[in-house]
Amino acid sequence: MKRILIIGSLGQLGSEIAYECRKRYGNDNVVLTDLRDDINVPLIQGGPFYKVDCRDGEAVLEIVKKHNIDTIYHLAAILSATAERNPLNAWNINMGGLMITLEIARQMGCAVFTPSSIGAFGPTTPKKFTPQDTIQRPTSIYGVTKVAGELLCDYYNHKYDVDTRGVRFPGVISNLTPPGGGTTDYAVEIYYEAVRKHHYTCFLRGDTYLDMIYMPDAVQAAIQIMEADPSRLRHRNAFNIAAMSFCPEEQAAYIRTQIPDFTISYEIDPVKQAIADSWPDALEDYAARVEWDWKPKFELAAMTKDMLDTIRGRE
Ligand code: NAD
Ligand code: SER
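Residues numbered from 1 in each chain as written. Chains lettered and ligands numbered in written order. Predicted model: local features only at pLDDT ≥ 70, side-chain atom pairs only at ≥ 80, totals over all residues. Heavy atoms only, no water.

Here we come to the overall build of the chain. On a plain count of helices and strands, the chain comes out with twelve helices and 16 strands. Since a compact globule built from 315 residues should have a radius of gyration of about 20 Å, the 19 Å found for the chain is in line with a globular shape. Expressed as a percentage of its 315 residues, the buried residues of the chain come to 57%. Here the contacts in the chain between residues at least 6 apart in sequence split such that 79% fall between residues at least 24 apart. Surface exposure of the chain reaches about 13200 Å², of which carbon and sulfur atoms provide 53%. The average position of the 33 basic charges and that of the 41 acidic charges among the side chains of the chain differ by 2 Å. (Helix = DSSP H or I, 4+ residues; strand = E, 2+ residues; numbered from the N terminus. Rg over C-alpha atoms; globule rule 2.2 N^0.38 Å. Buried < 20%, exposed > 50% of the residue type's maximum accessible area, 1.4 Å probe, protein only. Contact = heavy atoms within 4.5 Å. Areas by Shrake-Rupley, 256 points an atom, 1.4 Å probe, with all protein chains shown as cover. Lys, Arg positive; Asp, Glu negative; His and termini not counted. Charge placed at Lys NZ, Arg CZ, Asp CG, Glu CD.)

See the structure below:
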């Protein structure tokens, strides 16, 4: 049985990966840490949890030793829009935390999952069917940390044989934990506002195409790649994964199939729009499909129905 540590476990992705891992591997075999302890109380109370800064190497090492951890999901990070407001803090947390995790993994023989992002690409990257291996010159500080993180994980694999793996997540859409300050957050907010007000004011232009993924597929990707046969992995870190690509106008049209009087208007946030404009429209994910059988289940229509049904059921 795996013994897992999830760092940044109360966030949008961490909370759902934590629930799924505890279901699969047992509550006591999945240890959680985060900087905060004021949300997702059932998770905190459902098994081992520690309030720890991911840059506190001594504390993290002690937890790894105490619980005989063999696999670390490193999910603590500052996301793109928040990062742009304080680049130094974003660099310190995104790179400092990852370096500590990789060092502990090297010492203790742990495997490490680290997510990269569509944010690892920039304006000179091919925008459509963005290849797995291509130009990466991001213009956001978040993107800079994501490219550096991809390279650092590759380095720990080839230099120290640490079993590092990862994917480039698209914008993640979900309904358990709110998103944590990204450029793609609009694509989550729009569903809540559609149910509550039948109207959404979007901070990106209506024709802004970005890759997105529904949470069940994102969780599946994170767990599936860590269970994949290592002899098949040619890329290891930073696999492109794609599920759907759409713009706000298209998402609004799909919402209208469920809520006919839904309307959308636009108040563009220049910082977020510049970030979105620098990212690809749609990734090509052939390597993930061939090397570890990546195959998403949800596209825009099915996700929209599921998001609206779930939110309506709770309101
Ligand atoms: P999030 O902001 O929702 O969660 C991050 C968690 O990390 C939070 O609970 C936060 O409290 C915690 N954290 C922040 N600083 C910390 C520190 N110093 N020590 C310990 N914990 C700390 O983010 P998320 O959406 O869950 O993202 C998880 C990972 O996936 C990140 O690496 C992110 O870049 C990547 N990613 C996310 C998306 C997305 O759309 N959500 C897309 C691509 C990649
Ligand atoms: N959803 C993330 C963000 O917008 C992409 O990594 O920051």
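A few words on the site of ligand 2. Around ligand 2, the surrounding shell consists of Leu 79, Ser 80, Ser 117, Tyr 142, Gly 171, Gly 182, Thr 183, Thr 184 and Trp 279. Side-chain polar atom of Ser 80 to an oxygen atom of ligand 2: 2.7 Å apart, as the coordinates give it. Interatomic distance of 2.5 Å between a side-chain N/O atom of Ser 117 and an oxygen atom of ligand 2. Computed on the free molecule, ligand 2 has an accessible area of 230 Å², of which 93% lies beneath the protein chains in the complex. Here the shell around ligand 2 is composed, by residue class, of three nonpolar, six polar and no charged. (Near = heavy atom within 4 Å. Polar contact = N/O pair within 3.5 Å; in protein donor to acceptor, adjacent residues only side chain to side chain. Nonpolar A, V, L, I, M, F, W, Y, C, P; charged D, E, K, R; others polar.)

Moving on, we come to the environment of Met 95. Locating Met 95 in the fold gives a position in helix H5 (residues 87–108). The residues contacting Met 95, other than those within four sequence positions of it, are Ala 90, Thr 145, Ala 148, Gly 149 and Leu 152.

Under the defined criterion, the tally for this structure stands at nine aromatic pairs. Ring-pair connections join several aromatic residues into one group, and the members of that group are Tyr 73, Phe 113 and Phe 169. The aromatic ring of Tyr 160 is capped on one face by Arg 106, whose charged end is 5.1 Å from the ring centroid. The ring centre of Phe 203 lies 4.1 Å from the NZ or CZ of Lys 272, which sits over that ring. (Phe/Tyr/Trp six-rings, centres within 6.5 Å; stacked < 30°, edge-to-face > 60°. Lys NZ or Arg CZ within 6 Å of the ring centre and 35° of its normal.)

Inspection of the region around ligand 1 gives 29 residues, with Gln 12, Asp 34, Cys 54, Tyr 142 and Val 172 positioned closest. Here Gly 11 contributes a backbone N or O atom positioned 3.2 Å from an oxygen atom of ligand 1. Contact distances for ligand 1 include 2.6 Å between an oxygen atom and a side-chain N or O atom of Tyr 142. Notes on ligand 1: free accessible area 830 Å², of which the protein chains cover 93%. Mapped by element, the contributors of at least two residues to the shell around ligand 1 are helix H1 (12–25), strand S6 (116–117), helix H6 (141–160) and strand S10 (171–173). Examining the composition of the shell around ligand 1, we find that three residues originate from one element, H1, more than from any other.

A word on the sheet that holds strand S12 (residues 210–214). Taken in spatial order, the three strands make up an open sheet running S10-S12-S14, and their pairing is mixed. Every other strand in the sheet has two partners, leaving S10 and strand S14 (244–246) as the edge strands with one partner each. For this sheet, the mean inter-axis angle between neighbouring strands, taken without regard to orientation, is 45°. Both S10 and S12 contribute to a ladder of three bridges, which runs parallel. Considered in S12, the bridge of Val 172 is made with Ile 213. With respect to the sheet, helix H7 (residues 186–197) is in contact with S10, S12 and S14, its orientation differing from that of S10 by roughly 25°. (Pairing = 2+ DSSP bridges. Axes fitted to C-alpha atoms, helices over the stretch in contact; angles between N-to-C directions.)

To continue, consider the sheet that holds strand S1 (residues 4–7). Pairing between the strands of a sheet comes from backbone hydrogen bonds, and it takes one of two forms, parallel or antiparallel. An order of S3-S2-S1-S4-S5-S8 is seen for the six strands of this open sheet, with the pairing classed as parallel. The open sheet has two edge strands with one neighbour each: strand S3 (49–51) and strand S8 (164–165). Relative to strand S4 (residues 71–74), S1 runs parallel, the two sharing four bridges. By the bridge assignment, Ile 6 is partnered in S4 with Tyr 73. Packing against the sheet, helix H3 (residues 57–66) makes contact with S1, strand S2 (30–34), S3 and S4, and its axis sits at approximately 155° to S1.

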